[in-house]
Amino acid sequence: MKKIFYIVSMVLLLSLSIFAQPGPKGPGHRGHRGRGPEFERRLGHDPLQFFRKIGIILTDEQAEKMYDIAIKFITEEEPIRLEIERIENNIRLELMRDNTDRNKLKELIRQKKEQEALRDYLRIVRDLDIINVLTPEQKSKLNSCMTK
């Protein structure tokens, strides 16, 4: 009975993954600076909206540098995100086995935490790079807003 449940679950999982594939991109699907809709989706509708909300007016040059930093982060973070997903799938598969190997689970969890730490580090570096684009006056305004 257990094996039938696992087989049905795997078939369902595989069939859903096939149907969840992105379709072809047609003409006219262009994101920020022609990077495509994936970058626009990952960056959000307006990634610099936070600065406007707190009253920081960015120059075009600053905004362009910040977009470049954000796109660089997305490019560097993507393989890490995919590796985390792969490890999570391996954890799920290991848990579905009749004789779960606890040492293998422990190693998979360790690998996942390493990848998550690397992703967290990239986020901090991205934020520091973005802050370095600001002028001293803009930085002080940001700091005063963050301490409230």
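The structure we're discussing is the one just above.
Fair warning: this is a prediction, and the values are worked out from it, not measured in the lab.

Another aspect to go through is the nonpolar core. Within the largest apolar cluster, 13 residues are counted, with the highest numbers of intra-cluster contacts made by Leu48, Phe51, Ile56, Leu58, Met66 and Leu134. For this core, the secondary-structure elements that each account for two or more residues are α4 (60-96) and α5 (102-133). Element by element, the count of residues in this core is highest for α4, at four residues. The contact partners of Phe51, leaving out residues within four places of it in the chain, are Ile56, Leu58, Met66, Ile130 and Leu134.

Each full turn of the α-helix corresponds to 3.6 residues, which orients residues three or four apart in the same direction. When the terminal C-alpha atoms of α5 are compared, their 47 Å separation across 32 residues agrees well with the 46 Å that a helix rising 1.5 Å per residue should span. Burial in α5 covers these residues: Leu105, Leu108, Lys112, Gln115, Glu116, Arg119, Leu122, Ile130 and Val133. In this structure Asp101 caps α5, since a side-chain oxygen of it lies 3.1 Å from the backbone nitrogen of Asn103.

What follows covers the pattern of salt bridges. Where side chains of opposite charge bring their charged atoms close, a pairing between them can arise. Using the criterion set out here, one finds 14 salt bridges in the structure. Put simply, Arg81 and Glu85 hold a salt bridge, and the shortest N to O gap is 2.5 Å. Note that Arg81 and Glu85 are positioned in helix α4 at a spacing of four residues, about one turn of the helix. Notably, a salt bridge pairs Glu114 with Arg110, separated by 2.1 Å at the nearest N-O pair. One end of the pair, Glu114, and the other, Arg110, are both in helix α5, four residues apart, so they sit about a helical turn from each other.

Reading the values: the criteria
- Residues numbered from 1 in each chain as written.
- Predicted model: local features only at pLDDT ≥ 70, side-chain atom pairs only at ≥ 80, totals over all residues.
- Heavy atoms only, no water.
- Core = buried A, V, L, I, M, F, W, Y, C linked by side-chain atoms within 4.5 Å.
- Buried < 20%, exposed > 50% of the residue type's maximum accessible area, 1.4 Å probe, protein only.
- Helix = DSSP H or I, 4+ residues; strand = E, 2+ residues; numbered from the N terminus.
- Contact = heavy atoms within 4.5 Å.
- Expected span 1.5 Å × (residues − 1).
- Polar contact = N/O pair within 3.5 Å; in protein donor to acceptor, adjacent residues only side chain to side chain.
- Salt bridge = Lys/Arg side-chain N within 4 Å of Asp/Glu carboxyl O.

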